[in-house]
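Remarks on the overall topology
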Amino acid sequence: MFKDQKICFSGVQPSGNLTIGNYLGAIRNFSLYSEQYKTFYCVVDEHAITVRQVPAELRRRTYETLALYMACGLDPEKNTLYVQSHVPEHAELAWILNCYTMYGELSRMTQFKDKSAKHADNINAGLFTYPVLMAADILLYQTDVVPVGIDQKQHVELARDIANRFNSVFPDALTIPEPIISKSGMKIMSLAEPTKKMSKSDENVNAVVYILDDKDTVIRKFRRAVTDSDTCVRFAEGKDGINNLMTIYSCFTGKTMEEIEHEFDGKGYGDFKLAVGEVCADALAPVQARYTELLADKAGLEAQMKRGAEEASYYARRTMSKIRKKIGFVSL
Ligand code: TRP
């Protein structure tokens, strides 16, 4: 193996409207991995076209997503940040891995079942082989760890199965990746239905706080958050709404549940909700300012995309030349 450093890879959809759930559960932690790993974070525009896209919007969201991740603290000096379609080896490896992935395996993927129900008029082959492209993303970099939300765990497990199958034919070809499932991220719930995960595609805008929501909006959404008929701020079974607000408050302030209970002892839900709204808005303000600044400099973002793609390509080419040889393609 050619690695002297452990590799961390994750992919992010080019979608501008990320939530505080994405921020607290995933993005904020992404920058921590660069201390221990060589990190690759890829904006997956090729995955995006498995459902219909408006080209101008896809392009705009690709810039926005890169800017947002950088604004959330991902330093391009310490992390390789790039766009999937700029490194053609992703699609190339995906084709090869398609031939080592079984129809039955792909039919069992829950995301495929969900998405084909949702887009019944467009169940294209790309939607079906989406997990193979994702496996290619990961395996192309000989990745050791993949930080993802719980909903992507099944896909990372499939990537492991594909890699193991490939290695059983071609020994030592691919590193077997491990998923790292973020804990806090899956605990950020909808403000309207606190037994449901906060989802960026929720139809009820009051259920979701977006990273780019302004202060008034953030405060208003928290003020409307569903709680319970009790009056006391404490973390307990059956108090899903308050538990969720306490989790959010704890994520932004670093305080423990006991400390929060103490702080709001004798105060009502109104005061507590306002406090949650304020810490959240205050934490998001610098991210938003930086985002606006980055997005205004399109040439700067393009230079970053280029640099990222060059860095990524170096690793991608190494894996591909090894794989081409192993499979029996003629090298010139
Ligand atoms: N499928 C992932 C999602 O929807 C995005 C993704 C694409 C990804 N390729 C990846 C995540 C590789 C981790 C590793 O969130």
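What comes next concerns the included structure. (Residues numbered from 1 in each chain as written. Predicted model: local features only at pLDDT ≥ 70, side-chain atom pairs only at ≥ 80, totals over all residues. Heavy atoms only, no water.)

Thoughts on the packing of aromatic side chains
To keep things clear, this is the line we draw: Centres within 6.5 Å make a pair out of two Phe, Tyr or Trp rings, where for Trp the six-membered ring is used; the pair is then stacked when the planes are under 30 degrees apart, edge-to-face when over 60, and tilted otherwise. Residue burial is assigned from relative accessible area. The probe radius is 1.4 Å, only protein chains are included, and a residue is buried under 20% of its type maximum, exposed over 50%, and partly exposed in between. Only runs of H or I of at least four residues qualify as helices and only runs of E of at least two qualify as strands under DSSP, and these elements are numbered from the N terminus.
Applying the stated criterion across every chain yields a total of 17 aromatic pairs. Plain terms: the ring middles of Tyr 33 and Tyr 37 are 6.3 Å apart, the flat faces sit at 55 degrees to each other, and that makes the pair tilted. Among the residues examined, Tyr 33 registers a relative accessible area of 16% and is labelled buried. Of the residues examined, Tyr 37 reaches a relative accessible area of 13% and is grouped as buried. Judged by centre distance (5.1 Å) and plane angle (80 degrees), the rings of Phe 40 and Tyr 315 are edge-to-face. On the criterion of sequence distance, the pair formed by Phe 40 in strand E2 (residues 38-43) and Tyr 315 in helix H13 (residues 298-327) is long-range, its members being 275 residues apart. A network of ring pairs unites the aromatic residues Phe 9, Phe 40, Tyr 82, Tyr 141, Tyr 314 and Tyr 315 as a single cluster.

Regarding helix H7 (residues 125-140)
Note the cut-off: Between the first and last residue of a helix there are one fewer steps than residues, each counted as 1.5 Å, and that sum is the expected span.
Taking 1.5 Å as the rise per residue, H7 with 16 residues should run 22 Å; its terminal C-alpha atoms sit 22 Å apart, in good agreement. With 13 of 16 residues buried, H7 is to be regarded as a mostly interior element. Within two residues after H7, Gln 142 carries a phi angle of roughly 50 degrees, on the positive side.

Describing the site of the ligand
In plain terms, the rule: The nearness test applies per residue and asks whether one of its heavy atoms lies within 4 Å of the molecule or strand. The definition of a polar contact used here is a pair of N or O atoms within 3.5 Å, where within protein one atom must be able to donate a hydrogen and the other to accept one, and adjacent residues in sequence count solely through side-chain atom pairs. Areas reported as accessible are Shrake-Rupley estimates using a 1.4 Å probe. Residue values count occlusion only from the protein chains shown.
Surveying the vicinity of the ligand reveals 13 residues, the closest of which are Gly 11, Tyr 130, Met 134, Asp 137 and Gln 152. At 2.7 Å from a nitrogen atom of the ligand is found a side-chain nitrogen or oxygen belonging to Tyr 130. Here a nitrogen atom of the ligand sits 3.0 Å away from a polar atom, N or O, in the side chain of Gln 152. Here the ligand loses 89% of its free accessible area of 360 Å² to cover by the protein chains. Counting residues per element, the ones that place at least two in the shell around the ligand are strand E1 (7-12), H7 and strand E4 (145-148). No other element matches the four residues that H7 contributes to the shell around the ligand.

Some points on the environment of Gly 73
For Gly 73, the location among the structural elements is in the loop between helix H3 (55-71) and strand E3 (80-83). With relative accessibility at 41%, the residue Gly 73 sits in the partly exposed group. Counting along the chain gives 43 residues from Gly 73 to Phe 30, while the straight-line C-alpha distance between them is 8.6 Å.

Focus: the environment of Phe 264
The condition is simple: Between two residues, a contact is recorded if the distance between any of their heavy atoms is within 4.5 Å.
Looking at the secondary structure, you find Phe 264 in the loop between helix H11 (257-263) and helix H12 (269-296). Separated by 11 residues in the primary sequence, Phe 264 and Ala 275 place their C-alpha atoms 9.7 Å from one another. Those residues in contact with Phe 264, other than ones at most four positions away along the chain, are Val 233, Tyr 249, Asp 271, Phe 272 and Ala 275.

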